[in-house]
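Structural features, examined
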Amino acid sequence: MPTTTSSSSSSAASSSGNRQADVFSRLASSDPEVKLKALREVKNQIIGNRTKKLSFLKLGAVPAIASALSDADCSSNSSILVQSAAALGSFACGFEAGVQAVLDAGVFPRLLRLLTSSDEKVVDAGARSLRMIFQSNQAPKYDFLQEKNMEFLFSLLNSENENVSGLGASIIAHACGTSVEQQVLCDAGVLEKLVLLLDGSLSQREACLESLATVLKSNPEAVSRFVGLEAGRYMSSVTELTKDRYPRTRLLSCLCLVVIYNTSPSYFLNMGTKSSLVTTLLELLNDPGQSGDEAALGLSSLIAEKEDLQKLAYEANAIKNIVDILKTGSELNPKRLQGLFLSLAELCSKLEDCRCSFLSLEMLDLLVNELRHKNADVRTAACICFRNAARSIKNLSAGRFTTDHVMLPLVQLLHDPSSSVQVAVLGALSNIVLDFSSPKSTFIEYGGIKQLIELSKSMDPNTRCSSLRALRNLMFLADNNRKELFYSEVKAQGFVALISDPEPSVQEQALALLRNLVDGCINSIEFVFDEDGLILDTVGRQLRKAPQAQMAIQGMYVLTNVASGTELHKEAVMQQLFPQPQAESNNFMLKFLQSHESQLRSATVWTIINLISPSSPGALDRHVKLRNEGIIPQLKNMVNDACLDVKIRIRTVLSQSMSFGDN
């Protein structure tokens, strides 16, 4: 009966709590044997049990054990030293709250002193405990630039005790975080020391592989040095370890090779090596433990931006394998979920076959569910997966991403407290909004436009840039109703603020958005004339500031679109190109025509074409002005432009010029 079960559970919990309290009270015993037995009981109860670790933490066990370690250190009681260190290491193992408690207890320096003990068991226990601490990001910062610290590190690496040398490698793996530190370690000969551990015990090999990956990451010089050691012997050793019988060793060797490949691809010319690496990581995805969690992120890192490896993974049935894992129904570690979604995202980033295969496996519902996951990294990865899957024109056109079921959670994520989630969902929406054909789309009904405009005012430049990119795509070939709806929310002053943003990338996206807004019918062009032409004046002012090329391209296309309008519109563009007083302009059009960026040259020529269209009443006067300013003569010098598109447009301009009697 329910009441009986509840009573039984309550009784069991109470009994367990009493036993823990009893053990805790004995930690402070003055009898060494009683204390020793209590330390063993604590250690044995908490190994691999987060619930019991938390219970003992609440009782204050860590400070009590730290006190026992201190007392034993003073009395040289090696048995208590060993058990105290082991218990502290168990608290710190894979448990951040435990690491924090151990560090707060001030026991770290005492654990370091254990390494100098004459008792090998004490040294072992101290080294193991310290390795657990150094697996956490909370571990004390280790300054490799201090000579005494480097000497201590080498004393650890040179130790014949495998736990001590492994500790040295662990310190490198978890404390080396900058290119300067990598260089200092390499110059000191750390690589030569680390590779010796590849021939050591299992724990030494694994610590070595982690450390190598850290020192080699994004450091071509270090990679070259490592590959060259003993004519490539150690590189071959790492490759061979991908076939080891231990999953953790296979994983770490794969991750080390991924780092080497991402840093210096030239060392992986053999397609067989690449294929083997992909296959091994796919196999490791099925490992139920930590290795499976990390293999997923390793796979996504390996295939990122590499179409050849994405094809290899696809041919190895990667998508179905990953989807099968996701569909098991069991609760997966957030780290594994993140890696699996990122791997799927990378597979869908370039290959249409992968996107179609992914969507054919009925994954959208599962993906939508993960948009609500409590872990921000998982939500971010799911959004990136959506973004890349939505690159499929076929599936986008089929309306698979614009249903209420998909759109509502995506719009809700625009309010997410995590900026990384916001940027990721904006990336997904940037692709999906291209499919909106109706002004009454679900996205708009759920307040999507208002929220995008709100995010364009974010303090984070990436969020501002991403929101404007989504708005830019939303305005692409949009009807006037949607444009009116958008403009009614942003207004002229809002647009001016976006175009004048301190970040060039934000300015570029704002101008690209404006370019799409004024593209199309005459009514669209009128937006830039609101408030006495405030927006158009701002565009002209930005172009006269000698902007970056990409920003100038978008700005010139805004003028191109405005110049496609009425006589009034064309004259307004001329005022921006050649304002009074004349000195203010510095003739930026000439600079743009002489730019190395072909797109900027093309955009500038397009503007000229629209300005001097022979059907316009004022075309002749504008042609005379452009000729007097040196623009037409410059175009005559560009008839053999290296860019075919520019060359064709220039011929159009010169043909127009001939209609005005210009030979």
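Residues numbered from 1 in each chain as written. Predicted model: local features only at pLDDT ≥ 70, side-chain atom pairs only at ≥ 80, totals over all residues. Heavy atoms only, no water.

**Points about the overall build of the protein chain**
- When helices and strands are counted, the protein chain shows 41 helices and 0 strands.
- Against the globule reference of 26 Å for 663 residues, the protein chain gives a C-alpha radius of gyration of 33 Å, more extended than a compact globule.
- Each of the three principal axes of the protein chain carries a C-alpha extent, and together these read 110 × 70 × 50 Å.
- Accessible area of the protein chain: about 28,900 Å², with a carbon and sulfur share of 50%. (Helix = DSSP H or I, 4+ residues; strand = E, 2+ residues; numbered from the N terminus. Rg over C-alpha atoms; globule rule 2.2 N^0.38 Å. Areas by Shrake-Rupley, 256 points an atom, 1.4 Å probe, with all protein chains shown as cover.)

**Remarks on helix α41 (residues 644-659)**
- Helix length check: α41, at 16 residues, gives a terminal C-alpha distance of 23 Å against a target of 22 Å (1.5 Å per residue), a fit within 8%.
- Where α41 is concerned, the buried positions are Val-646, Ile-650, Val-653, Leu-654, Gln-656 and Ser-657. Looking down the long axis of α41, one finds its buried residues gathered within 155° of arc, a one-sided arrangement. Of the exposed residues in α41, the ones pointing more than 90 degrees away from its buried face are Leu-644, Arg-651 and Met-658.
- If you follow the buried residues of α41, they end up packed against α38 (598-611), α39 (619-628) and α40 (631-636).
- With its phi angle positive at about 85°, Gly-661 sits one or two positions after the end of α41. (Expected span 1.5 Å × (residues − 1). Buried < 20%, exposed > 50% of the residue type's maximum accessible area, 1.4 Å probe, protein only. Arc of directions from axis to C-beta. Contact = heavy atoms within 4.5 Å.)

**Comments concerning the packing of aromatic side chains**
- One pass over the structure, following the stated rule, counts 7 aromatic pairs.
- Between Tyr-142 and Phe-144, the aromatic rings sit 5.3 Å apart at their centres with planes inclined by 55°, giving tilted as the arrangement.
- Here the guanidinium or amino end of Arg-515 rests over the ring plane of Tyr-557, the centre of that ring lying 3.9 Å away. (Phe/Tyr/Trp six-rings, centres within 6.5 Å; stacked < 30°, edge-to-face > 60°. Lys NZ or Arg CZ within 6 Å of the ring centre and 35° of its normal.)

**Describing the pattern of salt bridges**
- This structure, assessed with the given rule, holds 21 salt bridges.
- Across the pair Arg-355 and Glu-352 runs a salt bridge, and its minimum N-O distance is 2.8 Å. Placement of the pair is Arg-355 and Glu-352 together in helix α22 (residues 352-360), with a separation of 3 residues, close to one helical turn.
- Arg-355 sits in the buried class, given a relative accessible area of 8%.
- Judged by its relative accessible area of 28%, Glu-352 falls in the partly exposed class.
- Among the ionic contacts, a cluster of salt bridges with common partners joins Asp-187, Glu-192 and Arg-225. (Salt bridge = Lys/Arg side-chain N within 4 Å of Asp/Glu carboxyl O.)

**A short note on unusual backbone geometry**
- Phi is positive for Glu-362, which is not a glycine, with a value near 55°.
- Tracing the chain through its elements places Glu-362 in the loop between α22 and α23 (364-370).
- On the accessibility criterion, Glu-362 (57% relative accessible area) is exposed.
- The phi torsion at Leu-477 lies on the positive side, around 55°, for a residue other than glycine.
- Residue position: Leu-477 is located in the loop between α30 (461-474) and α31 (480-499).

**What to know about the nonpolar core**
- Membership of the largest hydrophobic core comes to 223 residues, with the highest contact counts inside it found for Phe-226, Phe-341 and Phe-443.
- Of all the elements, helix α16 (residues 247-263) adds the most residues to this core, at 10 residues. (Core = buried A, V, L, I, M, F, W, Y, C linked by side-chain atoms within 4.5 Å.)

**Side note on the confidence of the model for the protein chain**
- A residue-level look at the protein chain finds 95% of positions with pLDDT of 70 or above and a mean pLDDT of 90.
- Ignoring residues within four places in sequence, the model shows residues 1-13, a span with pLDDT below 50, making 0 contacts including any to other chains. (pLDDT = per-residue confidence, 0-100.)

**Some points on the environment of Ser-218**
- As for its placement among the helices and strands, Ser-218 is situated in the loop between α13 (202-216) and α14 (220-228).
- Of the residues examined, Ser-218 reaches a relative accessible area of 61% and is grouped as exposed.
- Sequence separation of Ser-218 and Leu-229 is 11 residues, and the distance between their C-alpha atoms is 19 Å.

**Topic: the side chain of Asn-219**
- Its location among the elements puts Asn-219 in the loop between α13 and α14.
- Assessed through its relative accessible area of 8%, Asn-219 is described here as buried.
- With residues near it in sequence (within four places) discarded, Asn-219 still touches Gln-182 and Thr-263.

**Remarks on the packing of α22 against helix α24 (residues 376-389)**
- Running from N to C, α22 and α24 point in directions that differ by 120°, and their axes come no closer than 10 Å. With respect to each other, α22 and α24 are oriented oblique. In this structure, α22 contributes Arg-355, Phe-358 and Leu-359 to the contact, and α24 contributes Cys-385, Asn-388 and Ala-389. (Axes fitted to C-alpha atoms, helices over the stretch in contact; angles between N-to-C directions. Parallel < 35°, antiparallel > 145°, perpendicular 65-115°, else oblique.)

**Remarks on helix α29 (residues 448-455)**
- Of all 8 residues that make up α29, 6 are buried, and the element is covered over most of its length.
- Within α29, the full set of buried residues consists of Gly-448, Ile-449, Gln-451, Leu-452, Ile-453 and Leu-455.
- Packing partners of the buried residues in α29 comprise α26 (404-412), α27 (419-432), α28 (442-445), α30 and α31.

**A closer look at the environment of Ala-318**
- For Ala-318, the location among the structural elements is in helix α20 (residues 318-326).
- Judged by its relative accessible area of 0%, Ala-318 falls in the buried class.
- Considering only alpha carbons, one finds Ala-318 and Cys-385, 67 residues apart in sequence, at a separation of 15 Å.
- Apart from the residues within four sequence positions on either side, Ala-318 is in contact with Leu-282, Ala-313 and Leu-347.

**Considerations on the side chain of Ser-129**
- Here Ser-129 is to be found in helix α8 (residues 120-133).
- Of the residues examined, Ser-129 reaches a relative accessible area of 1% and is grouped as buried.
- A polar contact is formed between the side chain of Ser-129 and the backbone nitrogen of Gly-89, at a distance of 3.3 Å. (Polar contact = N/O pair within 3.5 Å; in protein donor to acceptor, adjacent residues only side chain to side chain.)

**As for the state of the cysteines**
- According to the stated counting rule, one finds 0 disulfides in the structure shown.
- The thiol of Cys-208 is unpaired, and the distance to the nearest cysteine sulfur, on Cys-256, comes to 7.6 Å. (Disulfide = S-S within 2.5 Å.)

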